[in-house]
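Observations on chain architecture
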2 protein chains.
Amino acid sequence: MAWLRPRWPRCAALRWRPGGAAWAPQPGKAPGAAPRGPWLPHGGRGLRTASPGLGEVPLTSERYRVRRLPFSRLSPQDVAFFQRLLPGRALTEPAALEPCNVDWLRSVRGCSTLLLKPQTTAEVSQVLRYCSERNLAVNPQGGNTGLVGGSVPVFDEIILSTVLMNRIISFDTVSGILVCQAGCILERLNEYLEQQGFIMPLDLGAKGSCHIGGNVATNAGGLRLLRYGSLRGTVLGLEVVLADGTVLDCLASLRKDNTGYDLKQLFIGSEGTLGVITAVSILCPQKPKAVNLAFLGCQNFSQVLETFTTCRAMLGEILSAYEFMDEKCMELVEKHLKLSCPVRDSHFYVLIETSGSNSTHDEEKLNSFLEQAMTSGLVTDGTVATDDKKIKMLWSLRERITEALTHDGCVYKYDISLPVGKLYDLVTDMRARLGQSAKNVVGYGHLGDGNLHLNITAESYSHSLLDAIEPFVYEWTARYNGSISAEHGLGFKKKQFIQYSKPSEAIFLMQRFKAMLDPKGILNPYKTLPSSS
Amino acid sequence: MAWLRPRWPRCAALRWRPGGAAWAPQPGKAPGAAPRGPWLPHGGRGLRTASPGLGEVPLTSERYRVRRLPFSRLSPQDVAFFQRLLPGRALTEPAALEPCNVDWLRSVRGCSTLLLKPQTTAEVSQVLRYCSERNLAVNPQGGNTGLVGGSVPVFDEIILSTVLMNRIISFDTVSGILVCQAGCILERLNEYLEQQGFIMPLDLGAKGSCHIGGNVATNAGGLRLLRYGSLRGTVLGLEVVLADGTVLDCLASLRKDNTGYDLKQLFIGSEGTLGVITAVSILCPQKPKAVNLAFLGCQNFSQVLETFTTCRAMLGEILSAYEFMDEKCMELVEKHLKLSCPVRDSHFYVLIETSGSNSTHDEEKLNSFLEQAMTSGLVTDGTVATDDKKIKMLWSLRERITEALTHDGCVYKYDISLPVGKLYDLVTDMRARLGQSAKNVVGYGHLGDGNLHLNITAESYSHSLLDAIEPFVYEWTARYNGSISAEHGLGFKKKQFIQYSKPSEAIFLMQRFKAMLDPKGILNPYKTLPSSS
């Protein structure tokens, strides 16, 4: 059983860092100036990456021909007020504003002229009270790592950054409950917790930049959801400032609390449109003592599914990730990033991670499963890793797919939830539909969560290609009761497609909640919901 | 290490069945006719059990002097409409209504004259549309196993029972997602799932009677929360009928869906005041292949806490329950139910359950922990069980405490969340405060979830005893940022105490949500929230 031995070639264990060198645009491969004009009727079809240099990112307002809502314009008196309120932390310098006006995919750009960096909840409250009275629009911003244009202004909204709200308030080692300000960076929190034998219940490629407040505001999913569940279960409390400046203190640090409606849930995943999250209370699992990883090859998607049900049954409580990628993904990772896959000649690749409290037991379980998977012919080749370095190397094959895609040309990105049995049919159907008009149609994602990342690349942007993809991809998803946004949210780019996943009664109700909580609509306007008019 | 061997004396493995023989009132010990009058200013202080026979339960309207809101009175024309809509399922016979008008604790009683048993969502929608137009109040009812008077009418509200909505809609063995109607009984669902290798993610003493819709409407906690998390994470979708009859179909069966606000969360735990849950989609874990149970004795509460942190670290992912009870609980269980405890002479008892996929591994982990706990002196005595019968017997020591308490006289029940370190201090303080005026002051509960069940018994009801308990117990809880209702909800009996656990801004917002979703207030009136006037 040679395949059970770790046999990994050398490879740098890089992590996804938005804005980092790995993401530098590729001149010559970029699609050039982004398309604009009336042929983008929905205000944002097709999430395209590998855009041109900073100065060249077109203004969202021009690119998408969206109309500015009648908010007040920022006056010198307003700026003076904020500079008095936040001395040295109300910035108007273009150099300070530039990175906050553009998303990290470099696909949308606002033209805000004021960046506020409050440190306390009271300051956020004062900012919003003032903005509400003055009818000034506000764009709450965390680490600005979002993928749907939700984290940057569309026009001149004031940017309210949580970057200086990075204080850990408390951690209880008996209960595992962490309370911290919204601007804490996910990776810093995890490092802090690891010193005490705990970890954050979520992990994302963007962890080096993203803020926990932004994670909660977008209900981030990521790599640990299969094991530790969604933020809707692990977030125990929130402190939120409403549009009018009211501070809603629901920052309980209790596992159970059935006193009235669970208001915090409304703010989880609301993308800053209902309130600004200023602090988070979250239940953190213990740091696993043993982590193992298996990277396997399967010949067809049925085997990928059967391998999943088999490993879930045999690994049980120690299964912590089940990711898959197709051979096209692997080709791109090898071609563009020069990574080398230790498993060869498979149509699908599967990454299985176990996390447990006893390395001997975990390895026994994993080996039993692998033997079963091999002898039954589910898996044709594979490798395992138990040490940190090799685990990271194997993870990078999966985590760096997004990066490899940006090197392949213009990328159309879709983040779909589907019943697992149907997951790959969308890729197959899309591939057949697009034929030679696409360069590559690839599928990968969090199979254990029913989450497919469908990506389509082409040498350059093409209107007809987009028309061939949309609304087909959304209609296909709706036909199987899937979600057109599993974990990325709707933001600016997908808000018009919500009806493919939610009935009109639900959308209407959401609009009523928005109108109730933010009657002037100043919080993150143009995002999440289609306009109610 | 004799204490590691199972050594359990024979004992019937009874389960809590509301309304069952085990709960028969004890004449002679009952507090007699319930107190009424102006000395119950909050409309429901003190949850008293062991009430008199069915006919003797006083009407809530008289007992609590609550004022009927100006809903319409049911007319013969109304009854005729419902009998046409639900032939044979719109009941007016007193015999049919009697058990639905009284809660199973026999502490509150309404005087409804109409019981509706819809079978479909469309029927529920038609019922509510009619009631909304006619301004008729409605009391949604599941298994009627609630503990805070939320599940029975206060006056003459129409009882809308989910008893005939008991259809399993689908179960996906790959994803483990179950979709079913709201009236399915929890235990039946679990039995159905077990045949397919899965279990429900929640388990309650009342499982033989309670409906899954009621569980979700009350955000039930129970015995598996430590392992599988709360319903806020496991419930994936809901179908809800709003007060005006609108059907809100958010019945997604997807693990991830970030398209807009998560409306279903508002209905989870809203106790039927915002809408009637008609169907549920829920993520079910695999059935564990091995279950072990250890019943241990500790000499003080610090040891109970340290035993918890030790076993959480050593048992890790297989720990599925950590329950505790004090010696007073054990005395009552032995005295009133003639159960015998295999572990002697301890001030505290701890029940630890493991659930895992490999019995050998699990037993190894458990034995390592037990050795560690014994050698370090955390635990002074104990027994373990691995077979079903003995496991049930040991569980009954914990599960039947509530029953034993009803035999001890008049019971004042409190369901409190606190930081675990503070959990037992409330019992100690209360015992010192009450002195000889109480018969017994006992504490037990889900320690792993920070959930204390504080119970106080007395020979008979006493106004001065209640005054000594309340609001002290709520003030004490608020001082440590606890919750005055961890899992029971607020219902009718605790709605006036919400301000001890929620700030006024939050209560105000809840009232606005209620007013928006149910402007006439017809859904489960007099419950959950204090009146907004």
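Residues numbered from 1 in each chain as written. Chains lettered and ligands numbered in written order. Predicted model: local features only at pLDDT ≥ 70, side-chain atom pairs only at ≥ 80, totals over all residues. Heavy atoms only, no water.

We apply this condition: UniProt positions are given in the numbering used here, feature names are shortened, and annotations may be inferred rather than shown by experiment.
As annotated in an unreviewed UniProt entry, chain A is D-2-hydroxyglutarate dehydrogenase, mitochondrial from Anas platyrhynchos platyrhynchos. Turning to chain A, the UniProt annotation filed under Sequence similarities (unreviewed entry) states: "Belongs to the FAD-binding oxidoreductase/transferase type 4 family." Looking at chain A in UniProt, the text filed under Function (unreviewed entry) is "Catalyzes the oxidation of D-2-hydroxyglutarate (D-2-HG) to alpha-ketoglutarate. Also catalyzes the oxidation of other D-2-hydroxyacids, such as D-malate (D-MAL) and D-lactate (D-LAC). Exhibits high activities towards D-2-HG and D-MAL but a very weak activity towards D-LAC."

1. Brief notes about the interface of chain B and chain A
Size of an interface, as often reported, equals the accessible area lost when the parts are brought together. Threshold: Every residue pair with non-hydrogen atoms within 4.5 Å of one another is taken to be in contact. Buried area: the accessible area, evaluated with a 1.4 Å probe, that two parts lose upon being put together, summed over both parts. By salt bridge we mean one thing: a side-chain nitrogen of Lys or Arg within 4 Å of a carboxyl oxygen of Asp or Glu. Labels follow the DSSP assignment, with helices taken as runs of H or I lasting at least four residues and strands as runs of E lasting at least two, numbered in each case from the N terminus.
Opposite the 88 residues of chain B that make contact, chain A presents 88 residues. Both faces combined, the contact of chain B with chain A buries some 6,900 Å², and carbon together with sulfur accounts for 58% of it. In terms of surface lost to chain A, no three residues of chain B exceed B:Lys256, B:Asn258 and B:Tyr261, which account for 15% of the buried area on that side. Inspection of the chain B/chain A interface yields ten salt bridges. With a shortest N-O distance of 3.7 Å, B:Lys256 and A:Asp449 are connected by a salt bridge. Looking at the side of chain B that touches chain A, the elements that each hand over two or more residues are α7 (225–228), α8 (231–234), β8 (247–250), α9 (264–267), α10 (301–315), α12 (359–375) and α18 (504–517) of chain B.

2. Some words on the relation of the copies chain B and chain A
Short version of the rule: When the copies are overlaid, the least-squares fit takes in C-alpha atoms only where the residue has pLDDT of at least 70 in both copies.
It takes a turn of 180° to lay chain B on chain A, together with a shift of 0.0 Å along the axis; the resulting RMSD is 0.0 Å. In short, the pair behaves as if placed about a two-fold rotation axis. Among all residues of chain B, the minimum C-alpha distance to the rotation axis is found for B:Gly233, at 2.1 Å. Interface residue correspondence from chain B to chain A reaches 100%, placing this contact among same-surface, isologous pairings.

3. Some words on the packing of helix α2 (residues 76–85) of chain A against helix α4 (residues 121–134) of chain A
Residue and element names in this part refer to chain A. Put simply, the rule is: Orientation is described by axes fitted as lines to C-alpha atoms, over the contacting stretch for helices, and by angles from 0 to 180 degrees between their N-to-C directions. Should an angle fall under 35 degrees it is taken as roughly parallel, and over 145 as roughly antiparallel, whereas 65 to 115 is taken as roughly perpendicular and any remaining angle as oblique. Two helices crossing with the near one rotated counterclockwise from the far one by less than a right angle form a left-handed crossing, whereas a clockwise rotation gives a right-handed crossing. We call Asp, Glu, Lys and Arg charged. Ala, Val, Leu, Ile, Met, Phe, Trp, Tyr, Cys and Pro are nonpolar, and the rest, Gly among them, are polar.
With their axes 11 Å apart at the nearest point, α2 and α4 run at an angle of 165° to one another. Taken together, the axes of α2 and α4 lie roughly antiparallel to each other. When you trace α2 past α4, the crossing you get is right-handed. Here Gln77, Asp78, Phe81, Phe82 and Leu85 of α2 lie close against α4, whose contacting residues are Glu123, Gln126, Val127, Tyr130, Cys131 and Arg134. Class assignment for the residues of the contact of α2 with α4 results in six nonpolar, two polar and three charged.

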